[in-house]
Amino acid sequence: MTKVHILATCRKPELAHMTSLVFDTLRIGFPTAEIKVHLNEESTVNCPNLIDLCIKNDCEMERVKTIHHEWIESLVMTEEEPFWICDTDIIFYDKIENWEFINPLAG
């Protein structure tokens with residue numbers, strides 16, 4: 001099964017729309033994927049609908065305190081199977097979960 005990781009970081013309420021944007025089309029891009037949203041620090045305070053969006057999209061949630069590049073490094077070092085990393089400010093227009101890439105990295 002395709003695995004997707006999303007780091008949701010929202011440092012201030014004015015940025016909530018960019019933190020929540022991906023959830024509008026997430027299941028278009030990844031209709032059957034296992035999705036884990038890493039809720040960074042105060043993101044659920046600054047983006048109050050974030051948990052509801054995760055639930056609506058059937059996402060696993062984990063609270064974290066991290067920096068983007070350290071989070072990516074941790075995933076690369078610990079995940080044993082291929083995975084996707086998605087930012088929160090993207091929109092999907094079509095299914096991409098079955099795209100094939102040449103190892104070891106693609107992006």
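Look a little higher up for the structure.
Residues numbered from 1 in each chain as written. Predicted model: local features only at pLDDT ≥ 70, side-chain atom pairs only at ≥ 80, totals over all residues. Heavy atoms only, no water.

Peer 1: Teacher, can you tell me more about the nonpolar core here?
Peer 2: Most often, soluble globular proteins keep nonpolar side chains buried together rather than apart. The biggest cluster of nonpolar side chains holds 22 residues, and the ones touching the most others in it are Val4, Ile6, Phe23, Leu26, Phe30, Ile35 and Val37. Among the secondary structure elements, those contributing two or more residues to this core are strand E1 (3–9), strand E2 (34–40), helix H4 (50–56) and strand E4 (84–86). Apart from residues lying up to four places away in sequence, leucine 26 is in contact with Ile6, Ile35, Asn57, Cys59 and Phe92. (Core = buried A, V, L, I, M, F, W, Y, C linked by side-chain atoms within 4.5 Å. Buried < 20%, exposed > 50% of the residue type's maximum accessible area, 1.4 Å probe, protein only. Helix = DSSP H or I, 4+ residues; strand = E, 2+ residues; numbered from the N terminus. Contact = heavy atoms within 4.5 Å.)

Peer 1: Sorry if this is basic, but what is going on with the sheet that holds E2 here?
Peer 2: One key point about sheets: their strands pair by backbone hydrogen bonds, in either a parallel or an antiparallel sense. Strand order across the open sheet formed by 4 strands is E3-E2-E1-E4, with parallel pairing between neighbours. Edge positions in the open sheet fall to strand E3 (60–64) and E4, since each of these has one partner strand only. This sheet shows a mean twist of 25 degrees between the axes of neighbouring strands, independent of strand direction. When E1 meets E4, the two strands line up parallel, connected through 3 bridges. When the sheet's bridge partners are listed, valine 4 is paired in E4 with tryptophan 84. (Pairing = 2+ DSSP bridges. Axes fitted to C-alpha atoms, helices over the stretch in contact; angles between N-to-C directions.)

Any link to function would need more than the numbers given here.
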